[in-house]
Number of protein chains: 2
Amino acid sequence: MTTSVQHALEQLKVSGVRITPQRHAILSYLLESMEHPTADEIYRSLEPQFPSMSVATVYNNLKMFIEAGMVHELTYGDNSSRFDANITDHYHVICQQCGKIEDFSYPSLEAVEQQAARHTGFQISGHRMELYGTCADCRGLNQQ
Amino acid sequence: MTTSVQHALEQLKVSGVRITPQRHAILSYLLESMEHPTADEIYRSLEPQFPSMSVATVYNNLKMFIEAGMVHELTYGDNSSRFDANITDHYHVICQQCGKIEDFSYPSLEAVEQQAARHTGFQISGHRMELYGTCADCRGLNQQ
DNA sequence: ATTTCTGCAAAGAGTTTGCATCCTA
DNA sequence: TAGGATGCAAACTCTTTGCAGAAAT
(Lines give C-alpha, C1' and ligand atoms only; values in the text may rest on other atoms or scores of the structure.)
Protein backbone atom coordinates (compact mmCIF):
# COMPACT_ATOMS: atom_id res chain seq x y z
CA MET A 1 0.00 0.00 0.00
CA THR A 2 2.55 2.55 1.14
CA THR A 3 4.71 1.45 -1.76
CA SER A 4 2.09 2.37 -4.29
CA VAL A 5 1.82 5.82 -2.76
CA GLN A 6 5.57 6.22 -3.15
CA HIS A 7 5.37 4.98 -6.69
CA ALA A 8 2.58 7.36 -7.57
CA LEU A 9 4.47 10.28 -6.04
CA GLU A 10 7.58 9.36 -8.00
CA GLN A 11 5.52 9.38 -11.16
CA LEU A 12 4.23 12.83 -10.39
CA LYS A 13 7.64 14.15 -9.44
CA VAL A 14 9.07 13.02 -12.75
CA SER A 15 6.41 14.96 -14.64
CA GLY A 16 7.40 18.11 -12.77
CA VAL A 17 4.76 18.12 -10.07
CA ARG A 18 5.80 19.18 -6.60
CA ILE A 19 5.16 16.86 -3.74
CA THR A 20 3.51 18.89 -1.04
CA PRO A 21 2.35 17.45 2.27
CA GLN A 22 -1.28 18.06 1.30
CA ARG A 23 -0.81 16.30 -2.01
CA HIS A 24 0.84 13.37 -0.30
CA ALA A 25 -1.93 13.14 2.25
CA ILE A 26 -4.75 13.30 -0.28
CA LEU A 27 -3.23 10.66 -2.48
CA SER A 28 -2.41 8.40 0.46
CA TYR A 29 -5.92 8.72 1.76
CA LEU A 30 -7.37 7.80 -1.61
CA LEU A 31 -5.05 4.88 -2.18
CA GLU A 32 -5.38 3.44 1.28
CA SER A 33 -9.03 3.99 1.96
CA MET A 34 -10.37 2.24 -1.14
CA GLU A 35 -13.64 3.78 -0.10
CA HIS A 36 -14.46 6.03 -3.06
CA PRO A 37 -14.78 9.14 -0.91
CA THR A 38 -16.25 12.48 -1.91
CA ALA A 39 -14.10 15.62 -1.99
CA ASP A 40 -15.69 16.75 1.23
CA GLU A 41 -15.03 13.44 2.95
CA ILE A 42 -11.37 13.72 2.01
CA TYR A 43 -11.32 17.28 3.27
CA ARG A 44 -12.87 16.43 6.60
CA SER A 45 -10.76 13.32 7.08
CA LEU A 46 -7.57 15.29 6.66
CA GLU A 47 -8.68 18.22 8.78
CA PRO A 48 -7.01 16.89 11.97
CA GLN A 49 -3.70 16.62 10.10
CA PHE A 50 -4.14 19.85 8.12
CA PRO A 51 -6.43 22.17 10.05
CA SER A 52 -5.76 25.03 7.67
CA MET A 53 -6.14 23.16 4.38
CA SER A 54 -8.92 24.49 2.17
CA VAL A 55 -11.44 22.57 0.12
CA ALA A 56 -10.03 24.26 -2.96
CA THR A 57 -6.76 22.44 -2.40
CA VAL A 58 -8.55 19.13 -2.28
CA TYR A 59 -10.34 19.90 -5.54
CA ASN A 60 -7.19 21.26 -7.19
CA ASN A 61 -5.27 18.12 -6.39
CA LEU A 62 -8.01 15.72 -7.29
CA LYS A 63 -8.23 17.45 -10.65
CA MET A 64 -4.50 17.04 -11.12
CA PHE A 65 -4.57 13.37 -10.14
CA ILE A 66 -7.39 12.82 -12.61
CA GLU A 67 -5.44 14.54 -15.38
CA ALA A 68 -2.41 12.44 -14.49
CA GLY A 69 -4.59 9.36 -14.88
CA MET A 70 -4.16 8.24 -11.26
CA VAL A 71 -7.68 8.82 -10.11
CA HIS A 72 -11.11 8.37 -11.63
CA GLU A 73 -14.09 10.55 -10.93
CA LEU A 74 -17.36 8.74 -10.31
CA THR A 75 -20.57 10.65 -10.80
CA TYR A 76 -23.59 8.59 -10.17
CA GLY A 77 -26.78 10.57 -10.05
CA ASP A 78 -27.56 12.26 -6.80
CA ASN A 79 -25.09 14.72 -5.47
CA SER A 80 -21.32 14.99 -5.24
CA SER A 81 -18.61 13.21 -7.19
CA ARG A 82 -16.69 10.34 -5.69
CA PHE A 83 -13.07 9.60 -6.36
CA ASP A 84 -11.39 6.27 -6.98
CA ALA A 85 -7.64 5.71 -7.02
CA ASN A 86 -7.99 2.17 -8.27
CA ILE A 87 -7.24 2.48 -11.95
CA THR A 88 -7.31 -1.22 -12.74
CA ASP A 89 -10.27 -2.14 -14.90
CA HIS A 90 -13.27 -2.75 -12.73
CA TYR A 91 -16.90 -1.85 -12.29
CA HIS A 92 -18.82 -0.49 -9.34
CA VAL A 93 -21.69 -2.05 -7.51
CA ILE A 94 -23.64 0.58 -5.60
CA CYS A 95 -25.96 -0.07 -2.70
CA GLN A 96 -29.13 1.97 -3.16
CA GLN A 97 -29.82 1.94 0.56
CA CYS A 98 -26.56 2.88 2.24
CA GLY A 99 -24.64 4.26 -0.74
CA LYS A 100 -21.71 1.89 -0.33
CA ILE A 101 -19.68 1.30 -3.49
CA GLU A 102 -17.96 -2.01 -3.97
CA ASP A 103 -15.54 -2.93 -6.72
CA PHE A 104 -16.26 -5.80 -9.07
CA SER A 105 -14.23 -7.26 -11.90
CA TYR A 106 -15.62 -8.64 -15.10
CA PRO A 107 -13.94 -9.71 -18.31
CA SER A 108 -14.05 -6.85 -20.77
CA LEU A 109 -17.23 -6.04 -22.63
CA GLU A 110 -15.51 -5.61 -25.95
CA ALA A 111 -18.39 -7.16 -27.82
CA VAL A 112 -20.63 -4.36 -26.60
CA GLU A 113 -18.18 -1.71 -27.72
CA GLN A 114 -17.87 -3.29 -31.12
CA GLN A 115 -21.58 -3.47 -31.62
CA ALA A 116 -22.00 0.11 -30.49
CA ALA A 117 -19.39 1.19 -33.03
CA ARG A 118 -21.21 -0.67 -35.78
CA HIS A 119 -24.65 0.65 -34.89
CA THR A 120 -23.83 4.28 -34.19
CA GLY A 121 -20.79 5.00 -36.33
CA PHE A 122 -18.93 6.22 -33.26
CA GLN A 123 -15.31 5.40 -32.68
CA ILE A 124 -15.58 3.96 -29.18
CA SER A 125 -12.81 4.65 -26.72
CA GLY A 126 -14.23 3.15 -23.56
CA HIS A 127 -17.24 2.63 -21.42
CA ARG A 128 -18.49 2.88 -17.91
CA MET A 129 -20.88 0.61 -16.10
CA GLU A 130 -22.43 0.62 -12.68
CA LEU A 131 -24.64 -1.98 -11.07
CA TYR A 132 -27.30 -1.06 -8.54
CA GLY A 133 -28.77 -3.13 -5.77
CA THR A 134 -28.81 -3.81 -2.05
CA CYS A 135 -25.71 -4.89 -0.17
CA ALA A 136 -25.58 -7.87 2.15
CA ASP A 137 -25.62 -5.66 5.26
CA CYS A 138 -28.72 -3.75 4.23
CA ARG A 139 -30.50 -6.94 3.23
CA GLY A 140 -29.67 -8.42 6.63
CA LEU A 141 -31.10 -5.41 8.43
CA ASN A 142 -34.30 -5.63 6.46
CA GLN A 143 -34.82 -9.27 7.13
CA GLN A 144 -34.72 -8.88 10.87
CA MET B 1 -44.92 10.73 -31.76
CA THR B 2 -47.83 12.97 -30.82
CA THR B 3 -49.74 9.85 -29.87
CA SER B 4 -47.21 8.90 -27.25
CA VAL B 5 -47.49 12.37 -25.73
CA GLN B 6 -51.25 11.87 -25.50
CA HIS B 7 -50.75 8.45 -23.99
CA ALA B 8 -48.32 9.75 -21.41
CA LEU B 9 -50.65 12.59 -20.49
CA GLU B 10 -53.53 10.14 -20.10
CA GLN B 11 -51.42 8.08 -17.76
CA LEU B 12 -50.68 11.14 -15.64
CA LYS B 13 -54.29 12.27 -15.62
CA VAL B 14 -55.41 8.91 -14.33
CA SER B 15 -53.02 9.14 -11.41
CA GLY B 16 -54.50 12.51 -10.45
CA VAL B 17 -51.96 14.80 -12.00
CA ARG B 18 -53.23 17.95 -13.63
CA ILE B 19 -52.35 18.57 -17.23
CA THR B 20 -51.10 22.10 -17.40
CA PRO B 21 -49.84 23.74 -20.58
CA GLN B 22 -46.31 23.86 -19.15
CA ARG B 23 -46.42 20.19 -18.27
CA HIS B 24 -47.69 19.32 -21.70
CA ALA B 25 -44.99 21.37 -23.36
CA ILE B 26 -42.14 19.94 -21.31
CA LEU B 27 -43.22 16.37 -21.89
CA SER B 28 -43.82 16.95 -25.60
CA TYR B 29 -40.43 18.51 -25.95
CA LEU B 30 -38.76 15.58 -24.23
CA LEU B 31 -40.64 12.96 -26.19
CA GLU B 32 -40.25 14.61 -29.54
CA SER B 33 -36.74 15.90 -29.33
CA MET B 34 -35.12 12.59 -28.40
CA GLU B 35 -32.11 14.77 -27.71
CA HIS B 36 -31.52 14.17 -24.00
CA PRO B 37 -31.67 17.87 -23.16
CA THR B 38 -30.65 19.50 -19.90
CA ALA B 39 -33.19 21.28 -17.72
CA ASP B 40 -31.87 24.59 -18.95
CA GLU B 41 -32.12 23.58 -22.59
CA ILE B 42 -35.75 22.67 -22.04
CA TYR B 43 -36.31 25.94 -20.26
CA ARG B 44 -34.77 28.01 -23.02
CA SER B 45 -36.45 26.07 -25.80
CA LEU B 46 -39.87 26.69 -24.32
CA GLU B 47 -39.23 30.33 -23.50
CA PRO B 48 -40.80 31.59 -26.75
CA GLN B 49 -43.99 29.68 -25.96
CA PHE B 50 -43.94 30.43 -22.23
CA PRO B 51 -42.05 33.64 -21.64
CA SER B 52 -43.03 33.73 -17.99
CA MET B 53 -42.28 30.12 -17.11
CA SER B 54 -39.62 29.71 -14.44
CA VAL B 55 -36.81 27.16 -14.29
CA ALA B 56 -38.32 25.88 -11.08
CA THR B 57 -41.35 24.71 -13.03
CA VAL B 58 -39.13 22.79 -15.40
CA TYR B 59 -37.37 21.09 -12.50
CA ASN B 60 -40.61 20.45 -10.63
CA ASN B 61 -42.14 18.74 -13.61
CA LEU B 62 -39.07 16.77 -14.55
CA LYS B 63 -38.98 15.48 -11.01
CA MET B 64 -42.58 14.43 -11.27
CA PHE B 65 -42.06 12.70 -14.63
CA ILE B 66 -39.13 10.84 -13.13
CA GLU B 67 -41.20 9.74 -10.17
CA ALA B 68 -43.93 8.65 -12.56
CA GLY B 69 -41.32 6.55 -14.37
CA MET B 70 -41.73 8.39 -17.67
CA VAL B 71 -38.35 10.04 -17.74
CA HIS B 72 -34.85 9.00 -16.77
CA GLU B 73 -32.23 11.33 -15.39
CA LEU B 74 -28.77 10.92 -16.89
CA THR B 75 -25.83 12.21 -14.91
CA TYR B 76 -22.61 11.67 -16.68
CA GLY B 77 -19.69 13.48 -15.17
CA ASP B 78 -19.34 17.07 -16.15
CA ASN B 79 -22.11 19.41 -15.21
CA SER B 80 -25.86 19.29 -15.41
CA SER B 81 -28.24 16.37 -15.63
CA ARG B 82 -29.79 15.36 -18.90
CA PHE B 83 -33.25 13.93 -19.26
CA ASP B 84 -34.42 11.06 -21.40
CA ALA B 85 -38.04 10.24 -22.09
CA ASN B 86 -37.19 6.99 -23.81
CA ILE B 87 -37.86 4.38 -21.15
CA THR B 88 -37.21 1.36 -23.31
CA ASP B 89 -34.05 -0.52 -22.36
CA HIS B 90 -31.11 1.03 -24.08
CA TYR B 91 -27.64 2.39 -23.49
CA HIS B 92 -26.06 5.71 -24.33
CA VAL B 93 -23.11 6.40 -26.55
CA ILE B 94 -21.61 9.79 -25.75
CA CYS B 95 -19.36 11.81 -28.03
CA GLN B 96 -16.49 13.18 -26.02
CA GLN B 97 -15.97 16.01 -28.46
CA CYS B 98 -19.40 17.49 -29.09
CA GLY B 99 -21.34 15.94 -26.20
CA LYS B 100 -23.95 14.32 -28.42
CA ILE B 101 -25.72 11.35 -26.86
CA GLU B 102 -26.99 8.58 -29.10
CA ASP B 103 -29.12 5.64 -28.08
CA PHE B 104 -27.93 2.11 -28.62
CA SER B 105 -29.63 -1.21 -27.92
CA TYR B 106 -27.92 -4.32 -26.74
CA PRO B 107 -29.26 -7.63 -25.46
CA SER B 108 -29.38 -7.50 -21.69
CA LEU B 109 -26.24 -8.00 -19.70
CA GLU B 110 -27.80 -10.42 -17.26
CA ALA B 111 -24.65 -12.47 -17.01
CA VAL B 112 -22.83 -9.46 -15.61
CA GLU B 113 -25.52 -8.85 -13.03
CA GLN B 114 -25.45 -12.47 -11.95
CA GLN B 115 -21.72 -12.51 -11.55
CA ALA B 116 -21.79 -9.26 -9.60
CA ALA B 117 -24.35 -10.76 -7.25
CA ARG B 118 -22.17 -13.81 -6.71
CA HIS B 119 -18.98 -11.83 -6.15
CA THR B 120 -20.27 -9.05 -3.93
CA GLY B 121 -23.24 -10.52 -2.12
CA PHE B 122 -25.41 -7.68 -3.39
CA GLN B 123 -28.92 -8.25 -4.59
CA ILE B 124 -28.70 -6.56 -7.98
CA SER B 125 -31.68 -4.62 -9.25
CA GLY B 126 -30.27 -3.05 -12.38
CA HIS B 127 -27.35 -1.44 -14.06
CA ARG B 128 -26.34 1.50 -16.13
CA MET B 129 -23.79 1.66 -18.88
CA GLU B 130 -22.44 4.40 -21.07
CA LEU B 131 -20.03 4.17 -23.96
CA TYR B 132 -17.64 6.96 -24.80
CA GLY B 133 -16.06 7.85 -28.09
CA THR B 134 -16.13 10.16 -31.06
CA CYS B 135 -19.15 10.48 -33.31
CA ALA B 136 -18.99 10.25 -37.09
CA ASP B 137 -19.41 14.01 -37.51
CA CYS B 138 -16.54 14.89 -35.21
CA ARG B 139 -14.31 12.26 -36.80
CA GLY B 140 -15.15 13.70 -40.19
CA LEU B 141 -14.23 17.21 -39.14
CA ASN B 142 -10.89 16.05 -37.80
CA GLN B 143 -9.95 14.22 -40.93
CA GLN B 144 -10.32 17.28 -43.10
C1' DA C 1 -64.38 25.64 -3.89
C1' DT C 2 -60.38 22.97 -3.41
C1' DT C 3 -56.36 21.64 -4.24
C1' DT C 4 -52.67 21.54 -6.92
C1' DC C 5 -49.46 24.10 -9.80
C1' DT C 6 -46.91 28.15 -11.15
C1' DG C 7 -43.61 31.88 -10.80
C1' DC C 8 -40.58 34.45 -8.20
C1' DA C 9 -36.76 35.07 -5.48
C1' DA C 10 -33.79 33.48 -2.29
C1' DA C 11 -31.21 29.72 -0.41
C1' DG C 12 -28.45 25.67 -0.76
C1' DA C 13 -24.96 22.32 -2.34
C1' DG C 14 -20.90 21.38 -4.98
C1' DT C 15 -17.23 23.19 -7.45
C1' DT C 16 -14.18 26.74 -9.45
C1' DT C 17 -11.47 30.98 -9.62
C1' DG C 18 -8.34 35.10 -8.49
C1' DC C 19 -4.91 36.64 -5.94
C1' DA C 20 -1.60 37.30 -2.29
C1' DT C 21 1.37 34.42 0.36
C1' DC C 22 4.09 30.44 1.08
C1' DC C 23 7.29 26.79 0.16
C1' DT C 24 9.26 22.97 -2.70
C1' DA C 25 12.86 21.93 -5.68
C1' DT D 1 15.20 32.21 -5.59
C1' DA D 2 11.61 31.34 -8.82
C1' DG D 3 7.60 29.12 -10.17
C1' DG D 4 4.25 26.29 -8.74
C1' DA D 5 1.01 25.32 -4.71
C1' DT D 6 -1.75 26.81 -0.94
C1' DG D 7 -5.45 29.25 1.51
C1' DC D 8 -9.03 32.32 1.61
C1' DA D 9 -13.09 34.27 0.09
C1' DA D 10 -15.96 35.29 -3.33
C1' DA D 11 -18.21 33.75 -7.49
C1' DC D 12 -20.62 30.49 -10.29
C1' DT D 13 -23.66 26.72 -11.73
C1' DC D 14 -27.17 23.64 -10.96
C1' DT D 15 -30.97 22.51 -8.22
C1' DT D 16 -34.33 23.03 -4.46
C1' DT D 17 -37.55 25.48 -1.44
C1' DG D 18 -41.22 28.68 0.59
C1' DC D 19 -44.85 31.23 -0.33
C1' DA D 20 -48.41 34.06 -2.56
C1' DG D 21 -51.20 34.12 -6.42
C1' DA D 22 -53.33 31.57 -10.42
C1' DA D 23 -55.69 27.89 -12.58
C1' DA D 24 -57.60 23.15 -13.34
C1' DT D 25 -61.09 19.88 -11.84
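Residues numbered from 1 in each chain as written. Chains lettered and ligands numbered in written order. Predicted model: local features only at pLDDT ≥ 70, side-chain atom pairs only at ≥ 80, totals over all residues. Heavy atoms only, no water.

(A) Examining the protein's contact with DNA strand D more closely. In the neighbourhood of DNA strand D, 19 residues make up the surrounding shell, with Arg 18, Thr 20, Arg 23 and Ser 52 of chain A together with Tyr 59 of chain B lying closest. Sugar and phosphate atoms constitute 70% of the interface atoms of DNA strand D, taking the interface as everything within 4 Å of the protein. The contact in question runs from a phosphate oxygen of DNA strand D to an N or O atom on the side chain of Thr 57 of chain A, over 3.0 Å. Separating a base nitrogen of DNA strand D from a side-chain N or O atom of Arg 18 of chain B is a distance of 3.4 Å. Elements with a minimum of two residues in the surface near DNA strand D: helix H2 (21–33) and helix H4 (55–67) of chain A together with helix H4 (55–67) of chain B. Per-element tally for the surface near DNA strand D: the top contributor is H4 of chain B, with 4 residues. Its residues assigned to classes, the surface near DNA strand D comprises 6 nonpolar, 9 polar and 4 charged. (Near = heavy atom within 4 Å. Polar contact = N/O pair within 3.5 Å; in protein donor to acceptor, adjacent residues only side chain to side chain. Helix = DSSP H or I, 4+ residues; strand = E, 2+ residues; numbered from the N terminus. Nonpolar A, V, L, I, M, F, W, Y, C, P; charged D, E, K, R; others polar.)

(B) Spotlight on the UniProt feature "binding site: Zn(2+)" (unreviewed entry) in chain A. The UniProt entry lists Cys 95, Cys 98, Cys 135 and Cys 138 of chain A under the feature "binding site: Zn(2+)" (unreviewed entry), expressed in the numbering used here. Across 44 residues of sequence, these annotated residues stay compact in space, with a maximum C-alpha separation of 8.3 Å. Within the element layout of this structure, Cys 135 of chain A appears in the loop between strand S5 (123–134) and helix H6 (136–143). Judged by its relative accessible area of 1%, Cys 135 of chain A falls in the buried class. Beyond its immediate sequence surroundings of up to four residues, Cys 135 of chain A is in contact with Cys 95, Cys 98 and Lys 100 of chain A together with Gly 121 and Phe 122 of chain B. Mapped onto the secondary structure, Cys 138 of chain A falls in helix H6. (UniProt positions renumbered as here; feature names shortened; annotations may be inferred. Buried < 20%, exposed > 50% of the residue type's maximum accessible area, 1.4 Å probe, protein only. Contact = heavy atoms within 4.5 Å.)

(C) Region of interest: the UniProt feature "binding site: Fe cation" (unreviewed entry) in chain A. Here the UniProt feature "binding site: Fe cation" (unreviewed entry) sits at Glu 110 and His 127 of chain A. Considering the C-alpha atoms alone, the annotated residues occupy 18 residues of sequence yet fold into one spot, their largest mutual distance being 9.6 Å. As for its position among the elements, Glu 110 of chain A is in helix H5 (residues 110–120). Owing to a relative accessible area of 23%, His 127 of chain A belongs among the partly exposed residues under this scheme. Beyond its immediate sequence surroundings of up to four residues, His 127 of chain A is in contact with Tyr 91, Leu 109 and Glu 113 of chain A together with Met 129, Glu 130, Leu 131 and Tyr 132 of chain B. In this structure the side chain of His 127 of chain A is engaged in a polar contact, spanning 2.6 Å, whose partner is the side chain of Tyr 91 of chain A.

(D) Geometry of the relation of the copies chain B and chain A. Structural alignment of chain B on chain A gives an RMSD of 0.2 Å, achieved by rotating through 179° and translating 0.1 Å along the axis. Both copies are brought into coincidence by an operation consistent with a two-fold rotation axis. For chain B, the residue whose C-alpha comes nearest the rotation axis is Met 129 of chain B, separated from it by 2.0 Å. By residue overlap, the copies meet face to face through one surface: 100% of the interface positions of chain B are interface positions in chain A. (Least-squares fit on C-alpha atoms with pLDDT ≥ 70 in both.)

(E) Here's a closer look at the environment of Arg 128 of chain B. All names here are of chain B. Here Arg 128 lies in strand S5 (residues 123–134). Under the relative-accessibility criterion, Arg 128 is labelled buried at 15%. Spatially, the C-alpha atom of Arg 128 lies 9.2 Å from that of His 92, the residues being 36 residues apart in sequence. At 2.5 Å, the side chain of Arg 128 forms a polar contact with the backbone oxygen of Thr 75.

(F) Region of the structure containing the packing of aromatic side chains. Enumeration according to the criterion identifies 2 aromatic pairs over all chains in this entry. Between Phe 104 of chain A and Tyr 106 of chain A the ring centres are 6.1 Å apart and the planes differ by 45°, which places this aromatic pair in the tilted class. (Phe/Tyr/Trp six-rings, centres within 6.5 Å; stacked < 30°, edge-to-face > 60°.)

(G) Representation of the interface of chain B and chain A in the model. Contacts between the two partners involve 38 residues from chain B, matched on the other side by 38 residues from chain A. Here chain B and chain A share an interface that buries about 3100 Å² over both sides, 62% of which is from carbon and sulfur atoms. Of all residues in chain B, the largest losses of buried area upon contact with chain A belong to Val 112, Phe 122 and Arg 128 of chain B, amounting jointly to 20% of the total for that side. For the interface between chain B and chain A, the tally reads 1 salt bridge. Note that Arg 128 of chain A and Glu 130 of chain B form a salt bridge whose closest N and O atoms lie 3.9 Å from each other. Linking chain B to chain A there are 14 residue pairs in polar contact (both at pLDDT 80 or more). (Buried area = accessible area lost by both parts, 1.4 Å probe. Salt bridge = Lys/Arg side-chain N within 4 Å of Asp/Glu carboxyl O.)

(H) Representation of the protein's contact with DNA strand C within the structure. Looking at DNA strand C, there are 18 residues lining it, with Tyr 59 of chain A together with Arg 18, Thr 20, Ser 52 and Thr 57 of chain B nearest. What you see for DNA strand C is that sugar and phosphate hold 76% of its atoms within 4 Å of the protein. A distance of 3.0 Å separates a phosphate oxygen of DNA strand C from a polar backbone atom of Ile 19 of chain A. Those elements that provide at least two residues to the surface near DNA strand C are H4 of chain A together with helix H2 (21–33) and H4 of chain B. Per-element accounting of the surface near DNA strand C gives the leading share, 4 residues, to H4 of chain A. In the surface near DNA strand C, the residues fall into 5 nonpolar, 9 polar and 4 charged.

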